[in-house]
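Here's the letter readout for the chains.
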Amino acid sequence: MTTQLPDHPDFLWRNPEPKKTYDVVIVGGGGHGLATAHYLAKNHGITNVAVLEKGWLAGGNMARNTTLIRSNYLWDESAAIYEHSLKLWEGLEEDLGYPILFSQRGVLSLAHTEQEVRDSVRRAEANKLNGIDAEWVTPEQVKEICPIVNISDDIRYPVQGATYQPRAGIAKHDYVAWGFARRADEAGIDLIQDCEVTGFTVDGDRVTGVRTSRGDIGAGTVALCAAGHTSVLLEMLGVRTPLQSHPLQALVSELLQPVHPTIVMSNAVHVYVSQAHKGELVMGAGIDTYNGYGQRGAFHIIERQMAAAVELFPVFARAHLLRSWAGIVDVTPDASPIVGHTPYENVFLNSGWGTGGFKATPGIGWCYAHTIAHGTPHPYVAPFALDRFETGALVDEHGAAGVAH
Amino acid sequence: MQLIDCPWCGPREEVEFHYGGQASVAYPETPAELSDREWAEFVFYRDNPKGPFTERWSHAAGCRKWFNAVRDTRTYEFLATFRPSDPEPAVLRRDEEVSA
């Protein structure tokens, strides 16, 4: 909050005309695309790279999420990638030389049923075995960590305890994107906005380039980073994935005095809340049930979410809603991402992060850059290959994803 | 929230309905002969179009019957609803009218 405000985004990167060809074309100029560009340059010295964005830089899910960062996932595979990401978050301001307002204020994931208590204790123990800070806390301890939570036992879903990850936090999403963009631009990478991919040029099992609203661009390697719109791109390549695109809604209240010192999530009653640096309460819901690309949601989801929020936080009852929006998330059957090879030997896939994409930003950027540079998946993303839906080696993270899919 | 036209009950509020994903995904006729790839397709793979999508809905808080709908995933507008026994109605693909 005391950090000096960063420069105006217009001055942070060039707006170049696309070149005829690049070694790597990243499709999608959101957090994942920009982080991938940064680590391609920083870790692998690959800078003949373009990041293509159909709208404005980081204007999709990067501008529409609730900015929560945590790594308390159940399975070893997920814990590894999310914890790698959290460690990168912890050094990211220094790496980017740019303020991102990273605030490690901890996350409470509430349990409301006997089954949730058992699952949560199990997850906390699994986290400890993976070297991740996590503990089970009682309702009284919840109250100590976040005094505004209602732990009364006469509400519809009383709080029976919570898992607590103290190193979890939030960051300012725009600054994160701008920080990565500035570094990538400094390294000579072209960030090209208003450039929608409309097709691909294919030669056998290789893609030779992308067709865009700003002309054809040749590509040595194509790296997809389009989140909810991945299916739209893959359809042009005739590749099928088990992705479903859904709206995920979030909203903010008016600015309030600091009242909420941590992050609180509740899977059962379905709301998650933090307080932004400026003072807005930032709240997320579950995904809208139906498929959608409209970047807006349905009101009844917000209604249900607000009912849950007011029961858990009676102090919110008179807060005014300032604005609401939706991002389009790409959900997979096991609530884990799909990363790695496609049937085209020089086209790589990064998708399926569903509701968990923001927290993964530096981690996946790091691992995806490695995957692109070496032509083979980084060990942290290898378990998330597309073929797991055939082999059955799923990474079933519905419990720890924190949002009902 | 919008009204959804249940083919049995007529227009009712969206909150009465439950979503069932892509319509007309049939159980394999020869399950013993399916490869792992084909099982994966049946169990996990569904279409995910940006535009008209034929899907299943249940009028969960009404007649509790399942029906099919063609809905535009860009605007969420229901272009048609029909009983599963009925043929899929031809609906206008309004690609020109709806910006992608």
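Residues numbered from 1 in each chain as written. Chains lettered and ligands numbered in written order. Predicted model: local features only at pLDDT ≥ 70, side-chain atom pairs only at ≥ 80, totals over all residues. Heavy atoms only, no water.

By the naming in an unreviewed UniProt entry, chain B goes by Sarcosine oxidase subunit delta and is assigned to Amycolatopsis sulphurea.

Naming follows an unreviewed UniProt entry, where chain A appears as Sarcosine oxidase subunit beta of Amycolatopsis sulphurea. UniProt lists a comment for chain A under the heading Sequence similarities (unreviewed entry), and it reads "Belongs to the SoxB family." (UniProt positions renumbered as here; feature names shortened; annotations may be inferred.)

J.: Before we go on, may I ask you to explain the domain arrangement of chain A in this structure?
T.: Residue and element names in this part refer to chain A. For chain A, the assigned domains read domain 1 (14–66 + 173–242 + 333–391) and domain 2 (104–167 + 244–331). Taken together, the 17 residues of domain 1 in the interface contact 19 residues of domain 2. Interface area for domain 1 against domain 2, summed over the two sides, is near 1300 Å², with a carbon-plus-sulfur share of 51%. The largest share of the area that domain 1 buries against domain 2 comes from Arg64, Thr66 and Gly228, three residues that together contribute 43% of it. For the pair domain 1 and domain 2, the number of links is 0 salt bridges. Top element by residues in the side of domain 1 that touches domain 2 is helix 7 (residues 230–237). It accounts for 3 residues. Of the residues assigned to the side of domain 1 that touches domain 2, the class counts are 4 nonpolar, 12 polar and 1 charged. (Domains from an automatic or database assignment. Contact = heavy atoms within 4.5 Å. Buried area = accessible area lost by both parts, 1.4 Å probe. Salt bridge = Lys/Arg side-chain N within 4 Å of Asp/Glu carboxyl O. Helix = DSSP H or I, 4+ residues; strand = E, 2+ residues; numbered from the N terminus. Nonpolar A, V, L, I, M, F, W, Y, C, P; charged D, E, K, R; others polar.)

J.: I tried to follow the UniProt feature "domain: Rhodanese" (unreviewed entry) in chain A on my own but got confused; where do I start?
T.: In the numbering used here, UniProt assigns the feature "domain: Rhodanese" (unreviewed entry) to residues 24–68 of chain A. In residues 24–68 of chain A, helix accounts for 31% and strand for 20%; the two terminal C-alpha atoms are 30 Å from one another.

J.: What exactly am I supposed to notice about the pattern of salt bridges here?
T.: Two side chains carrying opposite charge are able to pair once their charged atoms lie near each other. Residue and element names in this part refer to chain A. Within this structure, the stated rule accounts for 20 salt bridges over all chains. A salt bridge links lysine 278 to glutamate 280; its shortest N-O distance comes to 3.7 Å. Residues joined by salt bridges that share partners form a network here, namely Glu83, Lys87, Glu90, Asp133 and Arg167.

J.: Please clarify how the interface of chain A and chain B should be interpreted in this entry.
T.: Interface size is commonly expressed as the accessible area that is lost once the parts come together. Contacts between chain A and chain B engage 28 residues on the former and 22 residues on the latter. The largest contributions to the chain A side of the interface with chain B come from A:Arg240, A:Tyr290 and A:Glu390, which together make up 30% of the buried area. Counting the contacts that link chain A with chain B gives 3 salt bridges. Here B:Arg37 and A:Glu390 are joined by a salt bridge, their closest N and O atoms 3.2 Å apart. Within the residue set of the side of chain A that touches chain B, elements represented by two or more residues are helix 7, strand 12 (244–255), helix 8 (299–312) and helix 10 (388–391) of chain A. Ranked by residue count, the leading element in the side of chain A that touches chain B is strand 12 of chain A, at 3 residues. Across the side of chain A that touches chain B, the residue classes break down as 13 nonpolar, 11 polar and 4 charged.

J.: Would you mind showing me how to read helix 1 (residues 31–44) of chain A here?
T.: Quick reminder: α-helices carry 3.6 residues per turn. Residues three or four places apart thus point the same way. All names here are of chain A. Here helix 1 is 14 residues long and its end C-alpha atoms lie 19 Å apart, about the 20 Å a rise of 1.5 Å per residue gives. With 11 of 14 residues buried, helix 1 is to be regarded as a mostly interior element. Inspection of helix 1 places Gly31, His32, Gly33, Leu34, Ala35, Thr36, Ala37, His38, Tyr39, Leu40 and Ala41 among the buried residues, and these make up the whole buried set. Positive backbone phi, at 65°, marks glycine 45, one or two positions downstream of helix 1. (Expected span 1.5 Å × (residues − 1). Buried < 20%, exposed > 50% of the residue type's maximum accessible area, 1.4 Å probe, protein only.)

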